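For reference, the chains in residue letters:
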Amino acid sequence: MQRIRLRYTKRGRLRFTSHRDFQRAFERALRRADVPMAYSAGFTPHPKVSYANAAPTGTGSEAEYLEIALTATRDADELRELLDESLPDGLDITDAVEARTSGLADRLQASVWEMRLDGVSPEDAEKAVEAFLAAESVEVQRRTKNGMRSFDARSAVADLQAVRPPSDRPDDKPCAILRLVVRHLTPAVRPDDVLSGLRAVADLAPPVPAAVTRLAQGLFDEESGTVTDPLAPDREAVTAAPPTAAGLTAATAPEGAGSA
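The structure reproduced in this document is the subject of the present report. Within each chain, residues carry numbers counting from 1 in the order of the written sequence. Totals for whole chains, interfaces and linings use every residue, but because this is a predicted model, local features are given only for residues with pLDDT of at least 70 and side-chain atom pairs only at 80 or more, for both listing and counting. Where side-chain values are given, they derive from all heavy atoms of the structure, hydrogens and water being excluded.

## A short note on the overall build of the protein
Here comes step 1: Scanning the protein from N- to C-terminus turns up seven helices and 11 strands.
Here comes step 2: Its C-alpha atoms give the protein principal-axis dimensions of about 85 × 45 × 40 Å.
Here comes step 3: When a residue's accessible area, from a 1.4 Å probe over protein chains only, is under 20% of the maximum for its type it is buried; when over 50% it is exposed; and in between it is partly exposed. Every one of the 260 residues in the protein was classed for burial, and the buried ones make up 39%.
Here comes step 4: Contact between two residues is taken to exist if any of their heavy atoms lie within 4.5 Å; hydrogens are not considered. Pairs at least 24 apart in sequence give 76% of the contacts found in the protein among residues at least 6 apart.
Here comes step 5: Roughly 14600 Å² of accessible area belongs to the protein as shown, and the carbon and sulfur atoms make up 49% of that amount. Numbering of helices and strands starts at the N terminus; helices are DSSP runs of H or I of at least 4 residues and strands are runs of E of at least 2. All accessible-area figures derive from a Shrake-Rupley calculation using a 1.4 Å probe, and residue coverage is judged against the displayed protein chains alone.

## Remarks on unusual backbone geometry
Here comes step 1: Of note, the bond from T186 into P187 is cis; its omega dihedral lies within 30 degrees of zero at 0 degrees.
Here comes step 2: Secondary-structure assignment places P187 in the loop between β9 (175-183) and α5 (191-202).
Here comes step 3: Here the phi dihedral of N53 falls at roughly 55 degrees; this positive angle occurs in a residue that is not glycine.
Here comes step 4: Within the element layout of this structure, N53 appears in the loop between β2 (49-52) and β3 (60-70).
Here comes step 5: Residue D203 is not a glycine yet carries a positive backbone phi of 55 degrees.
Here comes step 6: Looking at where D203 falls in the secondary structure, it is placed in the loop between α5 and β10 (211-221).

## Quick word on the pattern of salt bridges
Here comes step 1: Salt-bridge detection follows one rule: a side-chain nitrogen of Lys or Arg within 4 Å of a carboxyl oxygen of Asp or Glu. Counted by the stated rule, this structure contains 18 salt bridges.
Here comes step 2: In this structure, E126 engages R164 in a salt bridge whose closest nitrogen and oxygen atoms are separated by 3.4 Å. Taken together, the residues span a long stretch of sequence, with E126 in helix α4 (residues 122-134) and R164 in the loop between β8 (157-163) and β9 at a distance of 38 residues.
Here comes step 3: Note on E126: relative accessible area 29%, which makes it partly exposed.

## Overview of the pairing of strand β5 (residues 110-118)
Here comes step 1: One ladder, built from nine bridges, connects β5 with β9; its direction is antiparallel. Bridge pairing links W113 to L180 in β9.
Here comes step 2: Pairing between two strands requires that DSSP report at least two bridges joining them. Looking at chain direction, β5 and β10 are connected through seven bridges and run antiparallel. Bridge pairing in β10 links R116 to A211.

## Notes on helix α2 (residues 76-86)
Here comes step 1: All of the buried residues along α2 are A76, L79, L83 and S86. Projected down its long axis, α2 carries its buried residues within an arc of 90 degrees, all on one side. In α2, the exposed residues that point more than 90 degrees away from the buried face are E78 and E85.
Here comes step 2: Check the buried side of α2 and you find it contacts β1 (2-10), α1 (19-32), β3 and β4 (93-98).
Here comes step 3: You can read the cap of α2 off the contacts: a side-chain oxygen lies 3.1 Å from the backbone nitrogen of D77, and it is on D75. To be clear, the arc concerns the directions from the helix axis to the C-beta atoms. The definition of a polar contact used here is a pair of N or O atoms within 3.5 Å, where within protein one atom must be able to donate a hydrogen and the other to accept one, and adjacent residues in sequence count solely through side-chain atom pairs.

Put into structure tokens, the structure is as follows:
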């Protein structure tokens, strides 16, 4: 059984697709691309697809990950192209690598998010960020299936910055951009929780909903505060893998060997 790990996006209007909507679209793409999927056992077999830490509905993403199991070997790049062609624009397969290591989900330790706050001046955003980072804890509430739950949104935020918007924006309306790195803790802290925290500590309330996009997720480097590519260990394992027995035989066979 071969395992392939894929990175995909949610862009444009398709940021509003739910995780279940994506699952249905992806399984249709697998059938269209004639992928030799492995299936689970039991009365209702289903394709062996493992989804890892999907972004909330309504948020865009450049870095979603999943893993599929195949019954026959396929080239990862060719498979990526076939699946990308079979998915609607906005759900794009941007990377693929053969799984050579374990624990993809364990590598998704943190996410880098971008939040565009239309109607908020950069100066107000900077003051709110300073107040948030200066607080030891920021209690927020979120409604869950078990009712309202309170938790600390500050402890999960490794970095938060207010970024000036591009100078060539088409209009002069105020706009602030926030970049944040959030550790994946329990309970999970989402970008909207950080916005709730900014409202609590600095009364920052954007007049329109924020446009939120996940830019990256992966291993978190405590020293540098950066988030690294979770597929990198698989690529390194491929390049470091020793030649196969068949390859060694072909390389060492004398010229003309095997010919009639």
